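Breakdown of the fold
One letter stands for each residue in the lines below.
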Amino acid sequence: MSHHYIRFSDVHFSYPHGPEVLCGVDLLITHGEHVALLGLNGSGKSTLLLQINGLLLPSRGEVVVGDIPVSKKTLRLVRQSVGMVFQNSDDMLFMPTIGEDVAFGPRNMGLPETEVERRVGAALESVGLAGFEDRPAFSLSGGQRRAAAIASVLSMEPDILVLDEPSANLDARARRQLIDIIAGFSHTVLLATHDTEMALELCPRALVMDAGRIVADAPTALLAASTDSIAAGIFDTARPAPILAPASN
Amino acid sequence: MSKLENTLISINSLARPATDRTDAVAMLAVTLLYLVAVLSVPLYAPQRIIWLAVYPVVQSEVSGIGFLRVFLRSLWVLPLILLIGVFNPVLDTQTAFMVGGVAVSRGWVSFISIVLRGLLAMQAVLLLAMSAGFYDMCGALRRFGCPRVLVTQLQFTYRYMAVITEEALWMDRARKARGFGRRNYPLRMWGRMVGQLLVRSYERAARVHRAMLARGFDGTMPLSRRTRMTRRSWCFIAAWTSVVLLLRFADISSLFIK
């Protein structure tokens with residue numbers, strides 16, 4: 001795939017017997033962009049991410065990844081291009097060892113074993129887990145598990161990286177490592193998060209979702225400074241001054 | 001540590017090979033041969049089955065698992081084995097031999113034979129799963145031509161045993177945290193908890209399945225590198241095949257029983 005872009009055209013989606021969760025989403029993320037997807041809980045962020053590699057398909061409208069429209073027929077191609085990191089790392093680590101987990105994607109791609117081993121080594125190295133190949137997932141800390149989950153996606157050498165709440169439940173050091181890993185990914189990144197500081201650091205552009213719609217598409221720094229009620233709710237700019245702030249007199 | 005935590009640790013530990021030296025394909029080949037050898041010993045010759053215990057005893061010690069552990073786990077199937085053989089002493093009362101003036105019927109001999117072969121067969125299968133690791137064992141089954149659907153079902157059954165136990169563990173912790181030591185809940189509440197457990201496990205399974213699909217899973221679990229045959233695999237098979245065939249066909253007990 002030569003163009004690692006994501007395009008949503010009037011995408012609607014509703015779960016069975018449920019209300020519409022995506023209500024006519026239009027967006028274009030171009031090659032190499034790092035974009036944050038912000039929004040309150042239940043605004044439709046995760047549902048939107050699941051459309052990108054066809055885990056959910058639109059009820060109406062079209063999602064195009066690279067030059068490929070996402071449909072049942074193109075799932076294999078699309079999933080080779082889009083690496084998705086889920087919110088809960090434990091859901092991604094289901095093999096007996098970290099090495100097997102990281103090799104799961106490349107083996108499904110039908111790569112030869114020597115190439116699988118090379119990719120496993122490189123992916124674990126890039127997330128700081130070199131030498132963890134034979135460790136079971138349950139013996140790792142939360143931060144290491146998150147890193148392993150990311151490695152399991154990086155080993156597929158995706159053109160587009162999609163992350164759902166990657167910094168949730170991480171301590172400061174693990175969060176910093178995660179930011180460094182994502183910053184080192186040179187292709188397209190779409191990052192759904194409540195961690196606005198991470199969004200500011202990693203993503204020059206941000207999309208804001210509310211009730212299944214993209215209600216803002218602007219530079220992240222501009223949104224952070226906005227007094228708009230939705231942006232203020234996301235960036236928490238309406239909060240009172242910290243009580244431990246030094247007295248001004 | 002609670003029983004559920006112990007169970008979860010046991011399930012998870014079964015996923016990995018006991019040692020990196022264990023070769024799943026070779027283990028499976030020897031296990032299949034061993035099962036045929038054990039089950040083909042004549043029913044009224046339990047003294048010839050006993051010698052076949054050499055394989056589980058030696059191999060469990062060599063692979064670092066320990067025979068006692070394998071033996072104790074094999075006792076899980078004892079009730080089933082007893083059920084299969086329990087009517088033999090009643091139905092087959094013909095005298096087989098005398099011990100100190102007491103007649104031992106052919107029914108008792110066949111009963112002992114059934115118990116022995118049942119336990120040894122179970123021990124061999126447990127040894128395979130424990131030393132090769134569950135996933136490598138499944139990979140080896142695929143290499144032996146076992147249908148893909150069956151192997152995938154085995155892998156999912158194993159995976160979801162861990163998922164259900166994990167969810168049960170979290171629910172149990174939440175209950176204990178607010179239960180203040182209370183144990184005598186009404187049956188209706190336990191029923192609701194079981195229902196909740198199934199719903200939670202289903203949701204978790206759906207999330208795991210999504211994560212697998214996102215990485216190209218198409219219904220077939222990829223085989224690991226440990227299921228490839230090496231020169232050591234062939235040596236292992238050759239050594240144990242010789243031993244098992246010798247124990248099966250050479251009547252060693254006749255050297256001791258005149």
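Structural data are supplied above this passage.
Analysis parameters
Residues numbered from 1 in each chain as written. Chains lettered and ligands numbered in written order. Predicted model: local features only at pLDDT ≥ 70, side-chain atom pairs only at ≥ 80, totals over all residues. Heavy atoms only, no water. Helix = DSSP H or I, 4+ residues; strand = E, 2+ residues; numbered from the N terminus. Rg over C-alpha atoms; globule rule 2.2 N^0.38 Å. Contact = heavy atoms within 4.5 Å. Areas by Shrake-Rupley, 256 points an atom, 1.4 Å probe, with all protein chains shown as cover. Lys, Arg positive; Asp, Glu negative; His and termini not counted. Charge placed at Lys NZ, Arg CZ, Asp CG, Glu CD. Phe/Tyr/Trp six-rings, centres within 6.5 Å; stacked < 30°, edge-to-face > 60°. Buried < 20%, exposed > 50% of the residue type's maximum accessible area, 1.4 Å probe, protein only. Pairing = 2+ DSSP bridges. 1 Å grid on protein atoms, 1.4 Å probe; cavity = no way out; pocket = protein on both sides within 12 Å on 5 of 7 lines; lining within 4 Å. Points joined across faces, edges and corners; volume = space filled by probe spheres on them. Nonpolar A, V, L, I, M, F, W, Y, C, P; charged D, E, K, R; others polar. Axes fitted to C-alpha atoms, helices over the stretch in contact; angles between N-to-C directions. Parallel < 35°, antiparallel > 145°, perpendicular 65-115°, else oblique. Left-handed = near helix turned anticlockwise from the far one by under 90°. Disulfide = S-S within 2.5 Å. Expected span 1.5 Å × (residues − 1).

**Brief notes about the overall build of chain A**
Per the secondary structure count, chain A includes ten helices and ten strands. Taken over C-alpha atoms, the radius of gyration comes to 19 Å for chain A, in line with the 18 Å a tight globule of 249 residues would show. The C-alpha extent of chain A, read off along each of the three principal axes, is 65 × 50 × 35 Å. Considering only intrachain contacts with a sequence separation of at least 6, the fraction spanning at least 24 residues in chain A is 64%. For chain A, the accessible area works out to roughly 10900 Å², and carbon and sulfur atoms hold 53% of it. Taken together, the 19 basic and 29 acidic charged side chains of chain A have centroids lying 3 Å from each other.

**What to know about the packing of aromatic side chains**
Residue and element names in this part refer to chain B. All told, the structure shown has eleven aromatic pairs over all chains when counted by the stated rule. For the pair Phe67 and Phe71, a centre-to-centre distance of 6.0 Å together with 40 degrees between the ring planes defines the contact as tilted. Of this pair, Phe67 and Phe71 both sit in helix H5 (residues 67-74), separated by four residues, roughly a single helical turn. For Phe71, a relative accessible area of 30% gives the class partly exposed.

**A closer look at the sheet that holds strand S5 (residues 68-69) of chain A**
All names here are of chain A. Taken in spatial order, the four strands of this open sheet run S2-S1-S4-S5, and their pairing is antiparallel. A single partner strand is all that each edge strand has here, and the edge strands are strand S2 (20-29) and S5. Here strand S1 (residues 6-14) runs beside strand S4 (residues 60-65); their pairing, made up of five bridges, is antiparallel. Note on S4: the bridge partner recorded for Arg7 is Val64.

**Focus on the side chain of Asn88 of chain B**
Mapped onto the elements of the fold, Asn88 of chain B is located in helix H7 (residues 88-91). If we ignore the near neighbours within four places in the chain, the residues touching Asn88 of chain B are Gly107, Ser110, Phe111 and Ile114 of chain B.

**Let's talk about empty space enclosed by the protein**
Within this structure, the stated rule accounts for four cavities of 30 Å³ or more. Volume-wise, the second largest cavity comes out at about 40 Å³. In terms of lining residues, the second largest cavity is bounded by Phe94 of chain A together with Tyr135, Gln155, Phe156, Arg159, Met212 and Met221 of chain B. Of the residues that constitute the lining of the second largest cavity, the class distribution is five nonpolar, one polar and one charged.

**Quick word on unusual backbone geometry**
All names here are of chain A. The phi angle at Asp10 is positive, at roughly 50 degrees, despite the residue not being glycine. Assignment of secondary structure puts Asp10 in strand S1. Residue classification places Asp10 among the partly exposed residues on the basis of a relative accessible area of 34%.

**Quick look at the packing of helix H6 (residues 142-154) of chain A against helix H7 (residues 172-183) of chain A**
Each pair of packed helices gets described by two things: the angle between the helix axes and the distance between those axes. All names here are of chain A. In the contact formed by H6 and H7, the axes pass within 9 Å of each other and the chain directions differ by 15 degrees. Accordingly, the angle class assigned to the pair H6 and H7 is roughly parallel. Crossing of H6 over H7 shows right-handed handedness. When H6 is examined against H7, the residues Gly143, Arg146, Ile150 and Leu154 are found in contact with a partner set consisting of Ala174, Leu178 and Ile181. Among the residues making up the contact of H6 with H7, the classes are represented as five nonpolar, one polar and one charged.

**Looking at the state of the cysteines**
Summed over all chains, the structure comprises zero disulfides over all chains. Between Cys146 of chain B, a free cysteine, and Cys138 of chain B, which holds the nearest cysteine sulfur, the sulfur-to-sulfur gap is 8.7 Å.

**As for helix H11 (residues 187-214) of chain B**
Compared with an ideal rise of 1.5 Å per residue, which puts 28 residues at 40 Å, H11 of chain B spans 41 Å between its outermost C-alpha atoms and is within 8% of the ideal. What H11 of chain B keeps buried is the set Met193, Leu197, Ser201, Arg204, Ala205, Val208, Ala211, Met212 and Ala214 of chain B. In this structure, the buried residues of H11 of chain B make contact with helix H2 (75-81), strand S6 (82-85), helix H3 (89-92) and helix H4 (98-108) of chain A together with helix H10 (148-177) of chain B. Just beyond H11 of chain B, the residue with positive phi is Gly216 of chain B, at close to 85 degrees.

None of the figures reported here should be taken as evidence of function without further support.
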